[in-house]
Amino acid sequence: MPDKLSIRIICCLLSTVILYSCGKKNETAEIKTGKFIYPSTNDSLFEIYHDQSIHDTIRLNALYLISINYLSEKNDSSLITGQRLFNEASQLKSDMAKSDALSVCGAYYLNQGEKDTALLLMQLALELRLKLNNYGKNGDSYHRIGEYYAKELHTDSALFYYKKAAKEYENASDTTGIARENNKIGNIYLILSDYDMAIVYYRSAGSYYSKMSDLRGLGISFVALGNAYYMKSDYRKSLDNYLKGLAVNEKLKDKTYSAAILSNIGVVYLDLGDYKEAIKYVKKSMNLEIELENKSGVASCYTNLGIIYKNLNDYNSALIFLNDALKIYSELDATYDIAQTNLSIGNVLIQKKEYDEALKFELMALPVFEEAGSKHYMAIANCNIAEIYLAQ
């Protein structure tokens, strides 16, 4: 049974750095919280935090925003500022600021792979926030816990928490939050192979982003729709949405998103039988990913090139690319991507009639898809295993 290529879910299912929207933070914009407008840069936020003439609630919130900004830098600064926030909030008896500190420290530990500590801190933050009845903060906590379960491929729990987050954002009239959660929910349905439900949520997200004139979010939603239509084997609609996403992204001049979209376009051209265009677009993507030093993106391109060369019956080249991808995904501890790559390697080995080796890879992949509830990939793995047994 043919394997699907490695499409890129741009509103990342496994992303653990949670900002205020799916897109990049605007470095020059201001953040409005209540009646106070906060600058977005840490230097300006530190000025607010250190100004003792400013109300403590505003100072503590500035420190929280600083710790959020640090999350994207993947160092210990977010934990250090989060701990400082918790200590000062405890002295001032501010439960809201304490919940903020617990939330950001939980996100830090999730980024570090310390999952049990992360979940405990995020649950404590949620308990405090629910008592304070702040819809927006409740939504943030539900979202973070949803991210935890998504990373663990506990799809039912991820879906539950993302939907709870969306409801809280609705209560807070936070359209950015609603749109983000709709994309996240769509991603879960994509894993569960419920492509029609994924399309419903992606369209809803796109509608919100369009009304907000949020080009980043709109581009993400177009690409997400392209992913869903691709999995439905509706390649023309998939290509149409990817091209719309690429056109939006060209206005934003963001190489990171362009790289992912170019790779997806290459994937569709392969399924349309245009191998020349497929290789051209995937290699364009790969060159950008190498320039950006994005290991996950490079691995995705290797996977796609491997499957393209498999379709060209160049099995040795296919295995070189797929094994290169597997090496990177193993370094990143990317469980689901490892399983997809093992599935593809097994498929190539079947074509080479190396059935014993093929079976090893298929049997490594299948349990991951079973745990995630991914019916599509479970079906492919089971068909490949059946083909191996019949051939032996």
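Remember, it's a predicted structure, so these values are computed and weren't measured experimentally.

Quick word on the overall build of the chain
Looking only at helices and strands, the chain has 18 helices and two strands in total. The globule rule puts the C-alpha radius of gyration for 392 residues at 21 Å, and the 22 Å found for the chain is close to it. Counting the 392 residues in the chain, one finds 57% classified as buried. Put simply, 59% of the contacts in the chain that link residues at least 6 apart link residues at least 24 apart. Accessible surface, the chain: about 17300 Å² in total, of which carbon and sulfur atoms supply 51%. Taken as two groups, the 43 positive and 48 negative side-chain charges of the chain have centres that lie 4 Å from each other.

Focus: the pattern of salt bridges
Counted according to the given criterion, the structure contains 15 salt bridges. Of the charged contacts in the structure, one is a salt bridge between K184 and E147, with a shortest N-O distance of 3.1 Å. Here the residue K184 occupies a position in helix 8 (residues 175-191), and E147 occupies one in helix 6 (residues 135-151), the gap between them amounting to 37 residues. The exposure classification of K184 matches that of E147, with both residues buried. One connected set of salt bridges, linked through shared partners, spans D56, R59 and E88.

With respect to the side chain of S221
With respect to the helices and strands, S221 occurs in helix 10 (residues 215-231). Within the structure, the side chain of S221 is placed 3.4 Å from the side chain of N183, a separation counted as a polar contact. With near-sequence residues (within four places) excluded, S221 lies in contact with N183, Y202, A205, G206 and Y209.

Parameters and conventions
- Residues numbered from 1 in each chain as written.
- Predicted model: local features only at pLDDT ≥ 70, side-chain atom pairs only at ≥ 80, totals over all residues.
- Heavy atoms only, no water.
- Helix = DSSP H or I, 4+ residues; strand = E, 2+ residues; numbered from the N terminus.
- Rg over C-alpha atoms; globule rule 2.2 N^0.38 Å.
- Buried < 20%, exposed > 50% of the residue type's maximum accessible area, 1.4 Å probe, protein only.
- Contact = heavy atoms within 4.5 Å.
- Areas by Shrake-Rupley, 256 points an atom, 1.4 Å probe, with all protein chains shown as cover.
- Lys, Arg positive; Asp, Glu negative; His and termini not counted.
- Charge placed at Lys NZ, Arg CZ, Asp CG, Glu CD.
- Salt bridge = Lys/Arg side-chain N within 4 Å of Asp/Glu carboxyl O.
- Polar contact = N/O pair within 3.5 Å; in protein donor to acceptor, adjacent residues only side chain to side chain.

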